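Architecture at a glance
Residue strings, one per chain:
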Amino acid sequence: MPLYGVITLLLLMIYTYLTNHNANFLLNNGFGSSQWIIIILVTISSSILSMEYQNNTIINLLYKTSHKWQIYLAKFLVMLLYSFFLLIMNLIFTMILKFILFNGYHAKFLGTLLLNLSGGFIYSIFIIALALLLISWLKINPLVIGIGLIIGFLGAVISTALYPLFNFIKWNPLNMIYVSNQLANPQLMNSSHLNSSELIICTLLYTILFLIIGYQIFKKRSV
């Protein structure tokens, strides 16, 4: 799992450079880390749970502990640690690519990058909890990945488009993706219609809600 995700992340970062040579944008955003890490986390989060059932290894886990909540929480914590690992690797890759591709570029970007990575970590907590909920409910890996892609690429667009019609739409889960970049770019509040503190608190509350609902579904799922 670690090697697969890291290689994928590096390839996607290189792809981002090939499609956008703006040094300021690339370095501030870790070569598109916010969207790429979301995709990787959704894919792996759903896989680590669905594979337990496909390979019948869930039986061994249940044999070792009769508490399903320990299994579910363990999956969540493993993915949370993995998301942190990916963000660290993104930071390392960004510095290496900066040296190779933009060696003469001396503008300050590290502070902005770290804020974006911090926001990315907060959102990764949310997306992991959502992915585990969806795979427990839908049980179809490609469908969960597809939903994750929609959230990652279109969630903010959908949320922003609906805001003029319904003011309360700013509190919907799709809007939480703004936490990935708004910490470093407060002007995004014009799109999210929530300040950074509200985004962080709301993102964490949704995470708790998704964990509770996801576990309740997982607990009732037959082996």
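Below is a summary of the structure that appears in this document. Since the structure is predicted, the reported quantities are computational estimates derived from the model, not experimental observations. (Residues numbered from 1 in each chain as written. Predicted model: local features only at pLDDT ≥ 70, side-chain atom pairs only at ≥ 80, totals over all residues. Heavy atoms only, no water.)

1. Considerations on the packing of aromatic side chains
Summed over the entire model, instances satisfying the criterion amount to 10 aromatic pairs. An angle of 80° between the planes, with centres 5.9 Å apart, marks the rings of F84 and F121 as edge-to-face. Of this pair, F84 sits in helix α5 (residues 68–101) while F121 sits in helix α6 (residues 110–138), placing them 37 residues apart in sequence. Taking the relative accessible area as the measure of exposure, F84 reaches 46% and is therefore partly exposed. A relative accessible area of 26% places F121 in the partly exposed class. An aromatic cluster is built from Y123, F126, Y206 and F210, whose rings are joined through pairwise contacts. Note that K68 overlies the ring of F218, its terminal NZ or CZ placed 5.6 Å from the centroid. (Phe/Tyr/Trp six-rings, centres within 6.5 Å; stacked < 30°, edge-to-face > 60°. Helix = DSSP H or I, 4+ residues; strand = E, 2+ residues; numbered from the N terminus. Buried < 20%, exposed > 50% of the residue type's maximum accessible area, 1.4 Å probe, protein only. Lys NZ or Arg CZ within 6 Å of the ring centre and 35° of its normal.)

2. Some details on the layout of surface pockets
For the largest pocket, the calculated volume is near 440 Å³. Lining the largest pocket we find 23 residues, and of these F25, N29, S34, N181 and L188 sit closest to its centre. Going through the elements one at a time, α2 (23–28), α3 (33–54), α6, α7 (141–162) and α8 (179–182) are the ones with two or more residues in the lining of the largest pocket. Here the residues of the lining of the largest pocket are counted per class, giving 10 nonpolar, 13 polar and no charged. (1 Å grid on protein atoms, 1.4 Å probe; cavity = no way out; pocket = protein on both sides within 12 Å on 5 of 7 lines; lining within 4 Å. Points joined across faces, edges and corners; volume = space filled by probe spheres on them. Nonpolar A, V, L, I, M, F, W, Y, C, P; charged D, E, K, R; others polar.)

3. A word on the packing of α6 against α7
Working note: a packed helix pair is described by the angle between its axes plus the distance between those axes. Running from N to C, α6 and α7 point in directions that differ by 145°, and their axes come no closer than 9 Å. When the axes of α6 and α7 are compared, the crossing they make is right-handed. Taking contact as the criterion, the partners of Y123, I127, L130, A131, L134, I135 and L138 in α6 are, on α7, N141, L143, V144, I147 and I151. When the residues that make up the contact of α6 with α7 are grouped by side-chain class, the tally is 11 nonpolar, one polar and no charged. (Axes fitted to C-alpha atoms, helices over the stretch in contact; angles between N-to-C directions. Left-handed = near helix turned anticlockwise from the far one by under 90°. Contact = heavy atoms within 4.5 Å.)

All we've got here are geometric facts, nothing functional implied.
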